[in-house]
Amino acid sequence: LGADFHAQVDLGRARAWRILGDLRRATTFQEKVVRHTPRDPARWLELAALYQAQGRADSAEQARLRARELGSP
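Residues numbered from 1 in each chain as written. Predicted model: local features only at pLDDT ≥ 70, side-chain atom pairs only at ≥ 80, totals over all residues. Heavy atoms only, no water.

1. Focus: a nonpolar patch on the surface
Stage number 1. A grouping of Leu1, Phe5 and Val9 is seen on the molecular surface, where their side chains present a nonpolar patch of about 320 Å² in accessible area.
Stage number 2. If you trace the backbone, Phe5 turns up in helix α1 (residues 3–19).
Stage number 3. Owing to a relative accessible area of 42%, Phe5 belongs among the partly exposed residues under this scheme. (Patch = residues over 30% accessible without salt bridge, like charges linked within 9 Å, V, L, I, M, F, W, Y side chains within 5 Å. Areas by Shrake-Rupley, 256 points an atom, 1.4 Å probe, with all protein chains shown as cover. Salt bridge = Lys/Arg side-chain N within 4 Å of Asp/Glu carboxyl O. Helix = DSSP H or I, 4+ residues; strand = E, 2+ residues; numbered from the N terminus. Buried < 20%, exposed > 50% of the residue type's maximum accessible area, 1.4 Å probe, protein only.)

This is the structure:
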């Protein structure tokens with residue numbers, strides 16, 4: 001199984017934990033997502049949103065910057 005498959009699985013887990021209100025676990029899985037697929041700007045933006053929700057402004061800005069570098073609008 002390839003990186004994209006693992007990214008999809010981890011993305012589902014990240015979204016599930018976010019819905020359940022566990023931002024720490026959601027972030028852990030979203031970080032795995034961007035490690036699997038580091039060139040996907042949308043996934044970096046989701047990570048930025050999780051960081052922002054936790055009050056991690058510097059990390060959120062770094063993730064948004066990475067998304068912009070990859071061509072995010």
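2. Quick notes on α1
Stage number 1. In a regular helix each residue adds 1.5 Å, so 17 residues correspond to 24 Å; α1 covers 24 Å between its end C-alpha atoms and thus fits that length.
Stage number 2. Buried within α1 we find Ala7, Asp10, Leu11 and Ala14. Here the buried residues of α1 occupy an arc of 115 degrees about the axis, which is enough to place them on one side.
Stage number 3. Buried residues in α1 make contact with α2 (23–36) and α3 (41–53).
Stage number 4. Within two residues after α1, Gly21 carries a phi angle of roughly 90 degrees, on the positive side. (Expected span 1.5 Å × (residues − 1). Arc of directions from axis to C-beta. Contact = heavy atoms within 4.5 Å.)

3. Quick word on the packing of α3 against helix α4 (residues 57–69)
Stage number 1. Taken N-terminus to C-terminus, the directions of α3 and α4 make an angle of 170 degrees; their axes are 8 Å apart at the nearest point. Here α3 lies roughly antiparallel to α4, going by the angle between them. The hand of the α3/α4 crossing is left-handed. Together, Pro41, Trp44, Leu45, Ala48, Tyr51 and Gln52 of α3 and Ala57, Ser59, Ala60, Ala63, Arg64, Arg66 and Ala67 of α4 make up the contact between the two elements.
Stage number 2. Here the contact of α3 with α4 is composed, by residue class, of nine nonpolar, two polar and two charged. (Axes fitted to C-alpha atoms, helices over the stretch in contact; angles between N-to-C directions. Parallel < 35°, antiparallel > 145°, perpendicular 65-115°, else oblique. Left-handed = near helix turned anticlockwise from the far one by under 90°. Nonpolar A, V, L, I, M, F, W, Y, C, P; charged D, E, K, R; others polar.)

4. Examining the pattern of salt bridges
Stage number 1. This model, assessed by the stated rule, comprises eight salt bridges.
Stage number 2. Close ionic contact of Arg43 with Asp40 constitutes a salt bridge, the shortest N to O distance being 3.5 Å.
Stage number 3. Judged by relative accessible area, Asp40 falls into the partly exposed class, the value being 25%.
Stage number 4. The partner of Arg68 in a salt bridge is Glu61, and the shortest N-O contact between them spans 3.0 Å.
Stage number 5. The partly exposed category is assigned to Glu61, whose relative accessible area is 36%.
Stage number 6. Put simply, Asp4, Asp40 and Arg43 are held in one network by salt bridges that share partners.

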